[in-house]
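Coordinate inspection notes
One letter stands for each residue in the lines below.
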Amino acid sequence: MPTNVTAEYLAAEEEYRNAKTIPEKIRALEKMYATVPKHKGTEKLRLQIKRKLSELRKELEKQRQMKKGGGGPSLAVRKEGAAQIVLAGLPNVGKSSLMKALTNVDADVADYAFTTVEPIPGMMHHKDVQIQLVEVPGLVEGAALGKGMGPQLLSVIRNADAIAIVVDISQDPLRQMEILLKEFERAGIKLNKRKPRVEIKRTAMGGIVINGQENIKGDISEVMRMLREERIHSAEITVKEPVTLEEFADALDESLVWRRAIIIANKGDAPGSKENYEKLVKAYGDRFKIVPVSAKRKIQLDKLKDELYELAGIIRVFTKSPGEEPAYPPVPLKKGSTVMDLAERIHKDFARNFRYARVWGKSVKFPGQRVGADHVLEDGDIVEIHAR
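Predicted model, so just to flag it, every value in this text is computed and none were measured.

**Re the packing of aromatic side chains**
Throughout the structure, instances matching the rule amount to 1 aromatic pair. Positioned above the aromatic ring of Y356 is the side chain of R370, whose terminal nitrogen or guanidinium carbon lies 3.7 Å from the ring centre.

**Brief notes about the UniProt feature "domain: TGS" (unreviewed entry) in the protein**
The sites that UniProt annotates as "domain: TGS" (unreviewed entry) are residues 313-387. The distance separating the terminal C-alpha atoms of residues 313-387 is 29 Å; by composition the span is 17% helix and 35% strand.

**Re the packing of helix 3 (residues 43-67) against helix 7 (residues 220-229)**
Direction vectors running N to C along helix 3 and helix 7 enclose 10°, while the axes themselves pass 12 Å from each other. Classed by the angle they form, the pair helix 3 and helix 7 counts as roughly parallel. Seen from helix 3, the contacting residues are K44, L47, Q48, R51 and E55; seen from helix 7, they are E222, R225, M226 and E229. Taken together, the residues that form the contact of helix 3 with helix 7 break down as 2 nonpolar, 1 polar and 6 charged.

**Overview of the sheet that holds strand 15 (residues 354-360)**
Taken together, 5 strands build an open sheet; the order of strands is 14-13-17-15-16 and the sheet is mixed. Either end of the sheet is taken by a strand with one partner, and the two such strands are strand 14 (331-334) and strand 16 (369-371). Here the strands of the sheet are splayed against their neighbours by 40° on average, with no regard to which way each runs. Two strands pair when backbone bridges link them, and strand 13 (residues 314-319) and strand 17 (residues 382-387) are joined in this way by 2 bridges, in the parallel orientation. Its bridge partner being in strand 17, T319 is matched across the sheet by V383. Against the sheet, helix 11 (residues 339-346) touches strand 13, strand 14, strand 15, strand 16 and strand 17, its axis set at about 130° to strand 14.

**What about the sheet that holds strand 9 (residues 235-239)?**
Spatially, 3 strands are ordered 6-9-7 in an open sheet, and the strand pairing comes out mixed. Only two strands of the sheet have a single partner each, and these edge strands are strand 6 (198-202) and strand 7 (208-211). Put simply, the sheet's adjacent strands are angled 15° from each other on average, direction ignored. With 4 bridges joining them, strand 7 and strand 9 adopt parallel strand pairing.

Scoring rules and cut-offs
- Residues numbered from 1 in each chain as written.
- Predicted model: local features only at pLDDT ≥ 70, side-chain atom pairs only at ≥ 80, totals over all residues.
- Heavy atoms only, no water.
- Phe/Tyr/Trp six-rings, centres within 6.5 Å; stacked < 30°, edge-to-face > 60°.
- Lys NZ or Arg CZ within 6 Å of the ring centre and 35° of its normal.
- UniProt positions renumbered as here; feature names shortened; annotations may be inferred.
- Helix = DSSP H or I, 4+ residues; strand = E, 2+ residues; numbered from the N terminus.
- Axes fitted to C-alpha atoms, helices over the stretch in contact; angles between N-to-C directions.
- Parallel < 35°, antiparallel > 145°, perpendicular 65-115°, else oblique.
- Contact = heavy atoms within 4.5 Å.
- Nonpolar A, V, L, I, M, F, W, Y, C, P; charged D, E, K, R; others polar.
- Pairing = 2+ DSSP bridges.

Written out as structure tokens, the structure reads:
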């Protein structure tokens, strides 16, 4: 135990010792983690708290599954279109109005909380592609710890490709963000962060082999302890970038998901919204792209569609046959996709019998350039695939 912990930390530690339920223990550990001094001497303590939180969250989910005999009714929304983006926020922030304006879906809109009682999907057509938006019922404080339908709703959010956080800037947006970010963190959702580049390949024998060990900024004995706790006894581990012990722990934790996110600052036409928007930008502008809109008055919705398209992380690729014009509509692919990814999307025979492709567009040096299967495509490219 470090000798220079704060009084707040000691109080939280006492709260943890007296906690009787898993949610109580999680709340106390969160306070401990937030108040422990951050320096080299507390690195192991922070890591221990973080690992314990992860264990308790998994145990809480396991208990829920057992109580429901396997999970109970599911709120899962089948993915359709080029990507799935959820609209998530507290109750009564205008999610239904946004859904109606962006997708024309018949969503109930009212000036009271919990108008939406289950996830509602709809399609947004933009730049020649269909992007699925899903309105999630309002989250409340304590959702991830079991309040209301919180765990089921957060499961829908975890499963999406990206998240649009909706806040009402006629009210205190910082308090809204504080609640939402805590629930996302409790649910194991990492926003606008990249998973540490640690590759783990389990092996049948040979023990633990760590390539790039010099990239681990911490005690290797702690790394070995973490691996034992995860029941990894034989594996080849490649650390591809500098990581702290906490980042290494995150790379090991299979319960975490990593999602892109933006903030939609709704009700921008309301009194006091300008000042609240400025507070939001000051607090979160470095971490999130923030789009001010008014769903009610349809202000900035075209800008919002552009940002949602960018958030989806997709590109449009046009295909053509020799001597013909490009086909319409384009094929939507994830950013970073290759010619082979396109071939597999078109038909398995194209992939199996692939010879080469010709490409017109931003990804090549000259029109009609001949490329191989691993050529990375860019938005708007035109591709002509030649097969055997």
